[in-house]
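Secondary and tertiary structure notes
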Amino acid sequence: VLKDNLTAIVVDDLNPIVEIAGLLNSNGKKYSVRGEGSTTLMDLRSGPTVFIGAYDNQWTLRLLKPLRFHFVNDASMLHFGIVDSTSKTPSPWIVDRTQQIATNNYREYAIVARFTDTTTGKLAIVAAGVGRGGTIAAGDFLTDSAQIAPILKAAGDKRNIELVLSTPIIGGEPGTARVEAAYTW
């Protein structure tokens, strides 16, 4: 009997993983790639961590939940999005799954964040979209120095940054991301 513990990866998360791993590699940083299901709290406490994807990564959802911007969905699982926990108005950053499936042309949203996680005490980096296009756009944004440098400069000495991005999805493919909201602390 051949025992095989298969680990699956969401193909749409692969592009951001490769981009971020390439950036780390080109800067001489050591890293390992682990799946959401095989990652433990002890793993997260051992050093900085990059989280890719939202609804396919429970660690991302858990770590972002106490932050200002985080992911939500309705009970019918037809509306997924990002909310601003300080706002009293309905979130404009919602993806309607019926439109997404019917047209494959819609606006997608993502969170890019850098913060010290209070549970682990370690640096956490997030590149996660409401759907596949958002995660791809978040990875592109995070690894593009022309896009991220002005954000880091504007943050100044504040170590924690959270961004909400949007990108058009045309024919199922994401366009260039733009910043919808930013928060530093």
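Residues numbered from 1 in each chain as written. Predicted model: local features only at pLDDT ≥ 70, side-chain atom pairs only at ≥ 80, totals over all residues. Heavy atoms only, no water.

Quick look at the nonpolar core
The biggest cluster of nonpolar side chains holds 26 residues, and the ones touching the most others in it are F71, I82 and F115. For this core, the secondary-structure elements that each account for two or more residues are α3 (58–64), β2 (69–73), β3 (79–84), β4 (93–96), β5 (106–116), β6 (123–129) and β7 (161–170). Ranked by residues supplied to this core, first place goes to β5 with five residues. The contact partners of F71, leaving out residues within four places of it in the chain, are A54, Y55, T60, L61, L64, G81, I82, I111, A128, G129 and V130. (Core = buried A, V, L, I, M, F, W, Y, C linked by side-chain atoms within 4.5 Å. Buried < 20%, exposed > 50% of the residue type's maximum accessible area, 1.4 Å probe, protein only. Helix = DSSP H or I, 4+ residues; strand = E, 2+ residues; numbered from the N terminus. Contact = heavy atoms within 4.5 Å.)

Remarks on a nonpolar patch on the surface
The grouping of I9, L14 and V18 at the surface amounts to a nonpolar patch, some 250 Å² of accessible area in total. Relative to the assigned elements, I9 resides in the segment before α1 (11–26). Taking the relative accessible area as the measure of exposure, I9 reaches 45% and is therefore partly exposed. (Patch = residues over 30% accessible without salt bridge, like charges linked within 9 Å, V, L, I, M, F, W, Y side chains within 5 Å. Areas by Shrake-Rupley, 256 points an atom, 1.4 Å probe, with all protein chains shown as cover. Salt bridge = Lys/Arg side-chain N within 4 Å of Asp/Glu carboxyl O.)

Side note on the side chain of N57
With respect to the helices and strands, the residue N57 is situated in the loop between β1 (49–52) and α3. Only 3.2 Å separates the side chain of N57 from the backbone oxygen of I52, close enough to count as a polar contact. There is a polar contact of 3.0 Å between the side chain of N57 and the backbone nitrogen of W59. Excluding residues within four positions of it along the chain, N57 makes contact with E36, F51 and I52. (Polar contact = N/O pair within 3.5 Å; in protein donor to acceptor, adjacent residues only side chain to side chain.)

Considering helix α5 (residues 132–143)
Look at α5: 17 Å from first C-alpha to last across twelve residues, which is about the 16 Å you get at 1.5 Å a residue. Buried residues dominate α5, accounting for nine of its twelve residues. Within α5, the full set of buried residues consists of G133, G134, T135, I136, A137, A138, G139, F141 and L142. (Expected span 1.5 Å × (residues − 1).)

What about the environment of T49?
Among the structural elements, T49 can be located in strand β1. When the C-alpha atoms of T49 and V33 are compared, they prove to be 9.9 Å apart, with 16 residues separating the residues in sequence. Excluding residues within four positions of it along the chain, T49 makes contact with L44, L123, A124 and I125. For T49, the side chain forms a polar contact with the main-chain oxygen of G47, separated by 3.3 Å.

A closer look at the pattern of salt bridges
Side chains that differ in sign of charge can pair as their charged atoms come close. For the structure shown, the criterion picks out five salt bridges. The closest approach of N and O atoms between R132 and D12, which form a salt bridge, is 3.0 Å. One end of the pair, R132, is in helix α5; the other, D12, is in helix α1, and 120 residues separate them in sequence. Relative accessible area serves as the criterion here: at 29%, R132 is assigned to the partly exposed category. Two residues, E180 and R178, come together in a salt bridge whose shortest N-O distance is 3.0 Å. Owing to a relative accessible area of 30%, E180 belongs among the partly exposed residues under this scheme.

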